[in-house]
Each structure stands twice: as C-alpha cells, then as structure tokens.
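Read off the chains here:
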Amino acid sequence: MGRTVLKHSLLALITGTVCLSVESATVYNSHGASLGINGRVQSVFYSNNYNLAGDHDSSLHNSSRFGLRGKVRVNKWISAFAFAQWDMNSRDNSSGPKAREQYVGADFNGVGVLSAGKFRDASYYAESVTDNYEQASGTVQGHFNHSRRPGQIMYTYDNYGFHGQLGIQTAQEHVAVLKNKFHNLGGRYKDSWDIDSGFSTALGYTFDDVRAVPLSVRSGYSYLKGQTGSDIHKRAFTNFKHLALGLSWGNLNSGFYTAALFEYSRINFKAGDYLKIKGFEISCGYAFNSGISVLTGFESVRFEDENAETNTIRRIPLLVKYKLNPNFSIWSEAGFNAGSDHESAFGATNYSKRSDRSVFSVGARYTF
C-alpha cells in the first residue's frame, strides 16, 4: 500500500503538476473523496548581482505559495482529480496571486493519468534531473522548465520502471515558451507568444538497482506552431522545437547523486530568422543522514541567431542545504562565472550580471 501511494505522488511530480504534492496535508478524506492543501512560505537574501532591487543592490525578498488538490473515486477503475496552485511574492504583490498551475484529470488506476490545463509540457521529464537548485543555476534547462503553459492535454504512464508521456497543445495567446532568464536576449525575444498548436512527448526507463541505487534514462521533445495571419496578437513565430536528454544515477534525498542534461532548441521566424540555444548541465552531490546535502556541477549554454551573433554562458552552481525536519529547511547557494561572455547580445538593453558574475543567496523555507 505504501509503495502504491509513493508511486502516485511521484507521478504527480513528474507530470510537472505539483512540486509539493508529496508533502501536502490531507484535510478531508471520506467515502473515496479527499481534499489536500500544500504550499510554502520563504524568505531569501539575494546578493547585488541578482539585480532584484535598485542598481544591483542586495535585498531580502519573501514569497509564498498555496495549493489545493481534490480527488474523488468514480468507480474502482477511475478517480477524478483537480489541482490549483498560486504564487505571491514581495516584488509584485500589487498584482495579487498568480496562477502557477491549474488542471483537472482522471487517474485510471495504474493504466495512466490524463490531465488537462496549465502545467509544464512533457519535455520537463528529462529536464528535471538537474532542476534541483534554488536560483543560481538552470543555465540550460532554466530557459524552458518554468514555462507552465495553459491549454494542454497530457497522458502519462508511469509503471514498472517505464515512463511515457504524450501531450497536445491547443491554441493560446500571450503564453510563455522561451524564458528570458538572464535578460540578455533582447526585447525581440520577450517571453509572450501566440501559439496555434503543438505537441510534446517523453520516454524513459528507471533501473531500480544499479550498484544499489536507481539509474534513470530520460528523453523529451516538444514542438509548437505559431499563429498566422489575423490570429497574431502579440509575438509571431513560425515554429519552436525543443529536445532534452537526461541521465541520473543515485538518490537526491539520500546518499550520492549525479545527473547530466543535454538540450537543444530553436525558434524560427519568417524570412529565415531564428534563435538557437544549445547546452549541457552536469550535477553531483551527496545527502547526509544528518539532513545536510551538498550539490554542485557545471553548466554551459550557447545562444546563436541568424546573423551568427553568439553569446555563451558558463556557470558553476553550489548549494548547501540543511533540512531540520520534513517541513523546515535553510540553505546557502552561490553561482560562479566559469568563462561566460562579458558583453550583452541580441539587442539587449537590460543586461543581467547573473550571467557572468558571482551571485550568492541565503534562505529559509517552511513547507506544508
């Protein structure tokens, strides 16, 4: 019974729906219907190169997250569920809570899960192997995995070590596709696009016992087609292609862990214009029984456009975290330049020092 519950929790995590689902608290459970809440409250001190206040001043920021998850058994084969989660932080609290994820779906009791709404696409399954830091990393996967897009339908199968996903993207306006994480891509690539249609898929397999720890091999691909003609209201593009290949070995929460990620993406415009992003990430760490964990690695990403203009970012992230108990943790994180280009590119006017300077943060988080 405990193993079955764990598998369902991990499945919710992999589909990109609830990063805190395994820690959610059940407030109601009766006659096959349940209601759970989850969320977090945190405060983080950021060094000046994060550029979160004034002209590269150091600052303290707090944020919170709250989610609701309901599930009801329809019959012995099918359960229906719904989830919604919102974010609020001290930097844009005037706009109120912002929807992070929203979806409804059906769990077919081991045969798969069908979800419809706003969440990450299937390619995140491969990206997630290195998405284990706070904010000083994500040089490669950070450009894509934050794009929780509405209008998606996703089928996920996760059983017997095999993982498969197939998703459909419906038409949407003003949605995220390519996150301008380091603010060095210029206004032309502001992350708000008009999508006509698309799909995403993922395949992978996890070997339970390779020298006493799991080994996971993952792949993901997504394709988007842009709106055309009078349907264009914001930013037009022809198509977007994204490939991710991930490999992990070990257990992030206990003992040794290492992972590698390769990504390639290209967004095409009319008249042959394009932006191409290619890179890799490697991470390695160890989680001690005391609750202390250490994670570091190397990240490299290269940007290129149709004019052969390029920009390369290389970073070394370092995270030290102490989990005092299942609900409360503190951490210190740093990111170091490892040979990045020192100039702005692609017409940028707001160049972030995060790409080629050292950054540092200290934070505390309560999770429920």
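Basis of the calculations
Residues numbered from 1 in each chain as written. Predicted model: local features only at pLDDT ≥ 70, side-chain atom pairs only at ≥ 80, totals over all residues. Heavy atoms only, no water. Helix = DSSP H or I, 4+ residues; strand = E, 2+ residues; numbered from the N terminus. Buried < 20%, exposed > 50% of the residue type's maximum accessible area, 1.4 Å probe, protein only. Contact = heavy atoms within 4.5 Å. Areas by Shrake-Rupley, 256 points an atom, 1.4 Å probe, with all protein chains shown as cover. Core = buried A, V, L, I, M, F, W, Y, C linked by side-chain atoms within 4.5 Å. Salt bridge = Lys/Arg side-chain N within 4 Å of Asp/Glu carboxyl O. 1 Å grid on protein atoms, 1.4 Å probe; cavity = no way out; pocket = protein on both sides within 12 Å on 5 of 7 lines; lining within 4 Å. Points joined across faces, edges and corners; volume = space filled by probe spheres on them. pLDDT = per-residue confidence, 0-100. Phe/Tyr/Trp six-rings, centres within 6.5 Å; stacked < 30°, edge-to-face > 60°. Polar contact = N/O pair within 3.5 Å; in protein donor to acceptor, adjacent residues only side chain to side chain. Patch = residues over 30% accessible without salt bridge, like charges linked within 9 Å, V, L, I, M, F, W, Y side chains within 5 Å. Pairing = 2+ DSSP bridges.

1. Section: the overall build of the chain
Alright, step 1. When helices and strands are tallied, the chain shows two helices and 18 strands.
Alright, step 2. When the 368 residues of the chain are sorted by exposure, 44% land in the buried category.
Alright, step 3. Here the analysis covers contacts within the chain between residues at least 6 apart in sequence; of these, 59% occur between residues at least 24 apart.
Alright, step 4. Put simply, the chain shows about 17200 Å² of open surface, and 57% of that area lies on carbon and sulfur atoms.

2. Some details on the nonpolar core
Alright, step 1. Phe237, Phe240, Ile267 and Ile277 are the most contacted members of the largest nonpolar core, which has 17 residues in total.
Alright, step 2. Looking at this core, the elements with two or more residues in it are β10 (193-210), β14 (274-287) and β15 (292-305).
Alright, step 3. Residues in contact with phenylalanine 240, not counting those within four places in the same chain, are Phe144, Val177, Ser222, Tyr223, Leu224, Ser265, Arg266 and Ile267.

3. Re the pattern of salt bridges
Alright, step 1. Evaluation of the coordinates by the stated rule reveals nine salt bridges.
Alright, step 2. A salt bridge links aspartate 87 to arginine 65; the shortest N-O distance between them is 2.6 Å. Here the residue aspartate 87 occupies a position in strand β4 (residues 79-89), and arginine 65 occupies one in strand β3 (residues 59-73), the gap between them amounting to 22 residues.
Alright, step 3. A relative accessible area of 9% means that arginine 65 is categorised as buried.

4. Details of empty space enclosed by the protein
Alright, step 1. For the coordinates displayed, the defined rule picks out one cavity of 30 Å³ or more.
Alright, step 2. Each pocket or cavity is described by its volume, and for the largest cavity that value is around 80 Å³.
Alright, step 3. As for the largest cavity, its lining consists of 13 residues, and the residues nearest its centre are Asp121, Ser123, Phe144, Arg149 and His242.
Alright, step 4. At the level of secondary structure, the elements contributing two or more residues to the lining of the largest cavity comprise α2 (124-127) and β12 (239-250).

5. Thoughts on the confidence of the model for the chain
Alright, step 1. Within the chain, residue pLDDT values average 86, and 84% of them lie at 70 or more.
Alright, step 2. In the predicted structure, residues 1-22 sits below a pLDDT of 50 and forms 43 contacts with residues beyond four places in sequence or in another chain.

6. Structural notes on the packing of aromatic side chains
Alright, step 1. Evaluated as defined, the whole model comprises 14 aromatic pairs.
Alright, step 2. Each ring, one from tyrosine 46 and one from tyrosine 50, has its centre 4.9 Å from the other, and the planes form 65 degrees; the classification is edge-to-face. Tyrosine 50 shares its class with tyrosine 46; the two are buried.
Alright, step 3. Between the aromatic rings of tyrosine 103 and phenylalanine 119, the centroid separation amounts to 6.1 Å while the plane-to-plane angle is 80 degrees, which identifies the pairing as edge-to-face. Of this pair, tyrosine 103 sits in strand β5 (residues 98-107) while phenylalanine 119 sits in strand β6 (residues 113-119), and the two are 16 residues apart along the sequence.

7. Some details on the side chain of serine 47
Alright, step 1. Within the secondary structure layout, serine 47 lies in the loop between β2 (33-46) and β3.
Alright, step 2. Excluding its chain neighbours within four sequence positions, the residues that come into contact with serine 47 are Asp57, Ser58, Val359 and Phe360.

8. Quick word on the environment of leucine 224
Alright, step 1. Its location among the elements puts leucine 224 in strand β11 (residues 213-226).
Alright, step 2. Look at leucine 224 and you get buried, because its relative accessible area is 1%.
Alright, step 3. In this structure the C-alpha to C-alpha distance between leucine 224 and threonine 170, which are 54 residues apart in sequence, comes to 9.6 Å.

9. Description of the environment of serine 293
Alright, step 1. Looking at the element boundaries, serine 293 is found in strand β15.
Alright, step 2. Look past the residues within four positions of serine 293 in its chain and what remains in contact with it is Tyr286, Ala287, Leu319, Val320 and Lys321.

10. Focus on unusual backbone geometry
Alright, step 1. Even without glycine at this site, histidine 31 takes up a positive phi of about 55 degrees.
Alright, step 2. Counting through the fold element by element, histidine 31 comes out in the loop between β1 (25-30) and β2.
Alright, step 3. Note on histidine 31: relative accessible area 82%, which makes it exposed.
Alright, step 4. In the Ramachandran plot, alanine 308 falls in the positive-phi region, its phi being about 65 degrees despite a non-glycine side chain.

11. Things to note about the environment of glutamine 135
Alright, step 1. Here glutamine 135 is to be found in the loop between α2 and β7 (149-159).
Alright, step 2. It is 9.8 Å that separates the C-alpha atoms of glutamine 135 and leucine 319, two residues lying 184 residues apart in sequence.
Alright, step 3. At 2.3 Å, the side chain of glutamine 135 and the side chain of tyrosine 46 are in polar contact.

12. Things to note about a nonpolar patch on the surface
Alright, step 1. A grouping of Phe256, Tyr286, Phe288, Ile292, Val294, Ile316, Leu318, Val320, Tyr322, Leu324, Ile330 and Phe336 is seen on the molecular surface, where their side chains present a nonpolar patch of about 930 Å² in accessible area.
Alright, step 2. Those elements giving two or more residues to the nonpolar patch turn out to be β15, β16 (310-323) and β17 (328-337).
Alright, step 3. Broken down by element, the nonpolar patch gets its largest block of residues, four residues, from β16.

13. Here we look at the pairing of strand β8 (residues 162-169)
Alright, step 1. One ladder, built from eight bridges, connects β7 with β8; its direction is antiparallel. Within β8, the residue paired with methionine 154 across the bridge is glycine 167.
Alright, step 2. Adjacent in sequence and paired antiparallel, β7 and β8 are bridged by two residues, among which tyrosine 160 carries a positive phi angle near 55 degrees.
Alright, step 3. Two elements, β8 and β10, share eight bridges in a ladder whose sense is antiparallel. Within β10, the position partnered with glycine 167 by the bridge is serine 200.

14. Re the pairing of β16
Alright, step 1. Bridge count for β15 against β16 is eleven bridges, and the pairing is antiparallel. Paired with glutamate 304 across the two strands is threonine 310, which belongs to β16.
Alright, step 2. Counting the residues in the hairpin turn of β15 and β16 gives four residues, including alanine 308, whose phi is positive at 65 degrees.
Alright, step 3. In this sheet, β17 lies alongside β16 in antiparallel orientation, the contact comprising nine bridges. Across the sheet, the residue bridging to isoleucine 316 is phenylalanine 336, located in β17.
Alright, step 4. In this antiparallel pair of consecutive strands, β16 and β17, the connection spans four residues.

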